[in-house]
Amino acid sequence: MMQFTETPPPPFHQIKPFSNPTMNKLQLQRGRPPWGGFTSSKSIASFGDANCMEQLLVHCANAIENNDATLAQQILWVLNNIASPDGDSNQRLTCGFLRSLVARAAKSGTCKLLAAMNSNYPSINTHKFSVVELASFVDLTPWHRFGFTAANSAILEAVEGFSVIHIVDMSLTHCMQIPTLIDAISNRPEGPPLIKLTVAGVTEDIPPMLDLSYDDLGSKLVNFAKTRNVSLEFRVIPSSSSDGFSSLIEQLRVHNLLFSKSGEALVINCHMMLHYIPEETLNPSPFSFQSSSSSPSFRTMFLKALRTLDPTVVTLVDEDADFTSNDLVCRLRSAFNYLWIPYDTVDTFLPRGSQQRQWFEADICWKIENVIAHEGTQRVERVEPKSRWAHRMWNAGFRGIGFSEDAVSEVKSMLDEHAAGWGLKKEEDDLVLTWKGHNVVFATVWVPA
C-alpha cells in the first residue's frame, strides 16, 4: 500500500452537547423521553443500536421538516452523545447523517436554532487525488474493482476481431479502468487494435476528484498504451450530467455519421456515472407546464439517444440502492440502510487514523450530505436499483446478454484478494457484488435489441 504524507483533514464533526433545560441525560435515564415511539425503560446508552439510531434520525428529520425546533434539538442532543465521529461503524454512519440534517436545516432556513449550529461543523474535506493515489485508492476494495473486472471481460469478448475500437468511458473514477483494459487488449492473438478513447469530462465536482486536467490524464494514457504497443487516440468532451450529457451525445452522433461505415466497434462503458443524470422526480425545467410523468426525463432521453448510436456493447455498473424519493424520510431510510456498508467494510482494508481512511469516509459523508441536505438540481446523488435500470434499458431498445463463465471466474479471482465478507451472486443475466449477503453494486451488459 502506498504511504501518503499530506496533512490529514480535520475531524468530520465537532459539536458540543446542547444546553437544554427541558432535557438532560438524567431525564433520559429516568425514562422521560421527550417524544413518542420509544419505551421509557431505555437509557441513553441503549440508543447505540443501529435500529434505534435510524429511528432517532427519522424522528429528527420529521421534526426539521415540520419546523419543530424544540423536538429536533432534543433528538440531536441524544444523537450527538451517541454518534461519535471516531466511534464504531454505526456511530460514524449516524454522525454523517446527523451533520447532514443540521446542514439541511441551515439550507432550508427552518429551525433557526439548528441552522445556527451549522457553523460548528467544519466543511467536508474531500481529497483531490493524484493519478497514482487514485489508482491505489480504488484497488483497496472491490467497490469499483468489481465493475472494472466484470465490464472489461464483457468488452473484450464483444470487440473480438475488430481492428478499431471506439470506447466511450463514462466513469466516476476518471479512466482508472482503462489501463487494465488496454493491457488485456494488447495481448489479443490477432494483434492490438487502434483504440479511440472518448471521455465524458464531467464539469461537476463529484468525489473522487482528480488533481489533474483531462488533457494531462490523456497524455498519461497514450504513453501507457505505447508501452503495450497499442495506438491510442484520446479525446475529452466537457459534459454535464444535469442535461443528460447532451454535448457528449451530440459529438458521438457526429462521430457516428463519419465512421458508421468503417466497421469500428463502439463500446459505451458506464461506471457509476449515469445515476447523476436527472430522473423523473426532477422536472427538466422548473417552468414546465407538463408534469414529469408526462414528459421524458433526461435519464430516459440519454438511454434512447445511446440506442440510436447502435453500439456494439453497453456496460452498466452502478450501486444497487434507491436515493430517488422526494420524501426525505424515505430517502433517509434507504440511504442509512445502504451506506452502512462502506463504513462496515473500511475496517477490513484501512487502519484507524490513516489518511486514506479519512479520505474514504469524507467521500461517504459528501454523498450522505448530498442525499439528505440538498434538494432540486443540487441533489445529484440519485441512485436507482438494478431492477429499475433494467426496465429503462429494455424500454430504450436494449437487451441484456449476461456474462460468460470466464468473466465470472475473473470476478471471483479478484474477490479472493479481498476480505471474506465480499461475495458474488448471479441474478438472471447480471452479476451483483455483495457484502455479508447484502447487495452493493451490480454489473450488466447490453446490446441493441
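This is a predicted model, so every value here is computed, not measured.

> Which residues make up the overall build of the chain, and what are the values?
Helix and strand counts for the chain come out as 15 helices and 11 strands. Residues classed as buried in the chain amount to 56% of the 449 residues present. Within the chain, residue pairs in contact and separated by at least 24 positions form 76% of the contacts whose partners lie at least 6 positions apart. Carbon and sulfur atoms provide 50% of the accessible area of the chain, an area that totals close to 18,800 Å².

> Could you give an account of a nonpolar patch on the surface, with specific residues and numbers?
On the surface, a cluster of nonpolar side chains totalling about 270 Å² of accessible area is made up of Val254, Leu258 and Phe259. Here Leu258 falls in the exposed class, since its relative accessible area comes to 63%.

> Can you tell me about helix α8 (residues 178-186), naming the residues and giving the values?
Every buried residue of α8 is accounted for by Ile178, Leu181, Ile182, Ile185 and Ser186. Seen end-on, α8 carries its buried residues on one side only, within an arc spanning 135°.

> Explain the pairing of strand β6 (residues 265-271) residue by residue, including any values.
Judged by how many residues are buried, β6 sits mostly within the fold: 7 of 7 residues are covered. Across the two faces of β6 the burial is the same, with Ala265, Val267, Asn269 and His271 and Leu266, Ile268 and Cys270 all buried. In the sheet, β6 pairs with strand β7 (residues 313-319) via 5 bridges, with the strands oriented parallel. Note that in β7 the partner of Cys270 across the bridge is Leu316.

> Before we move on, can you summarise the side chain of Thr345 with the specific residues and values?
With respect to the secondary-structure elements, Thr345 resides in helix α12 (residues 328-345). Apart from residues lying up to four places away in sequence, Thr345 is in contact with Trp422 and Trp435.

> Just give me the short version of the packing of helix α2 (residues 50-65) against helix α3 (residues 69-82), but keep the residues and values in it.
α3 packs onto α2 with a crossing angle of 150° between their chain directions and a minimal axis gap of 9 Å. Here α2 lies roughly antiparallel to α3, going by the angle between them. For the pair α2 and α3, the crossing hand works out as left-handed. Within the contact between the two elements, α2 uses Met53, Leu56, Leu57, His59, Cys60, Ala63 and Ile64 and α3 uses Leu71, Ala72, Ile75, Leu76, Val78, Leu79 and Ile82.

> Tell me what's going on with the environment of Cys95, and back it up with residues and numbers.
Tracing the chain through its elements places Cys95 in helix α4 (residues 89-108). Looking at Cys95, the relative accessible area reads 3%, which means it is buried. Separated by 12 residues in the primary sequence, Cys95 and Ala83 place their C-alpha atoms 5.1 Å from one another.

> Talk me through the side chain of Glu381; I want residue IDs and the actual numbers.
Tracing the backbone through its elements, the reader meets Glu381 in the loop between α13 (355-373) and α14 (386-395). Apart from residues lying up to four places away in sequence, Glu381 is in contact with His275, Tyr276, Phe323, Trp366, Lys367, Asn370 and Val371.

> Lay out the packing of aromatic side chains with the relevant residues and their values.
Here the structure, examined in full by the defined rule, presents 10 aromatic pairs. Between Phe349 and Phe360 the ring centres are 5.4 Å apart and the planes differ by 85°, which places this aromatic pair in the edge-to-face class. With a gap of 11 residues between them, Phe349 in the loop between α12 and α13 and Phe360 in helix α13 connect regions that are remote in the sequence. Given the relative accessible area of 13%, Phe360 is considered buried. Cluster of aromatic residues (ring-pair linked, three or more members): Phe129, Phe137, Phe349, Trp359 and Phe360. If you follow Arg392 out to its NZ or CZ, it ends over the ring of Trp389, 6.0 Å from the centre.

> Tell me about the pattern of salt bridges, residues and numbers included.
Inspection of the entire model under this criterion finds 28 salt bridges. For Glu54, the salt bridge is made with Arg333, and the minimal N-O distance between the two is 3.0 Å. On the criterion of sequence distance, the pair formed by Glu54 in helix α2 and Arg333 in helix α12 is long-range, its members being 279 residues apart.

> Just give me the short version of the nonpolar core, but keep the residues and values in it.
The biggest cluster of nonpolar side chains holds 131 residues, and the ones touching the most others in it are Leu79, Phe97, Met170, Leu274, Phe302 and Val440. Of all the elements, α12 adds the most residues to this core, at 10 residues. In contact with Phe97, other than residues within four places in its own chain, are Leu57, Leu332, Ala335, Phe336, Ile368 and Ile372.

Reading guide: rules and limits
Residues numbered from 1 in each chain as written. Predicted model: local features only at pLDDT ≥ 70, side-chain atom pairs only at ≥ 80, totals over all residues. Heavy atoms only, no water. Helix = DSSP H or I, 4+ residues; strand = E, 2+ residues; numbered from the N terminus. Buried < 20%, exposed > 50% of the residue type's maximum accessible area, 1.4 Å probe, protein only. Contact = heavy atoms within 4.5 Å. Areas by Shrake-Rupley, 256 points an atom, 1.4 Å probe, with all protein chains shown as cover. Patch = residues over 30% accessible without salt bridge, like charges linked within 9 Å, V, L, I, M, F, W, Y side chains within 5 Å. Salt bridge = Lys/Arg side-chain N within 4 Å of Asp/Glu carboxyl O. Arc of directions from axis to C-beta. Pairing = 2+ DSSP bridges. Axes fitted to C-alpha atoms, helices over the stretch in contact; angles between N-to-C directions. Parallel < 35°, antiparallel > 145°, perpendicular 65-115°, else oblique. Left-handed = near helix turned anticlockwise from the far one by under 90°. Phe/Tyr/Trp six-rings, centres within 6.5 Å; stacked < 30°, edge-to-face > 60°. Lys NZ or Arg CZ within 6 Å of the ring centre and 35° of its normal. Core = buried A, V, L, I, M, F, W, Y, C linked by side-chain atoms within 4.5 Å.

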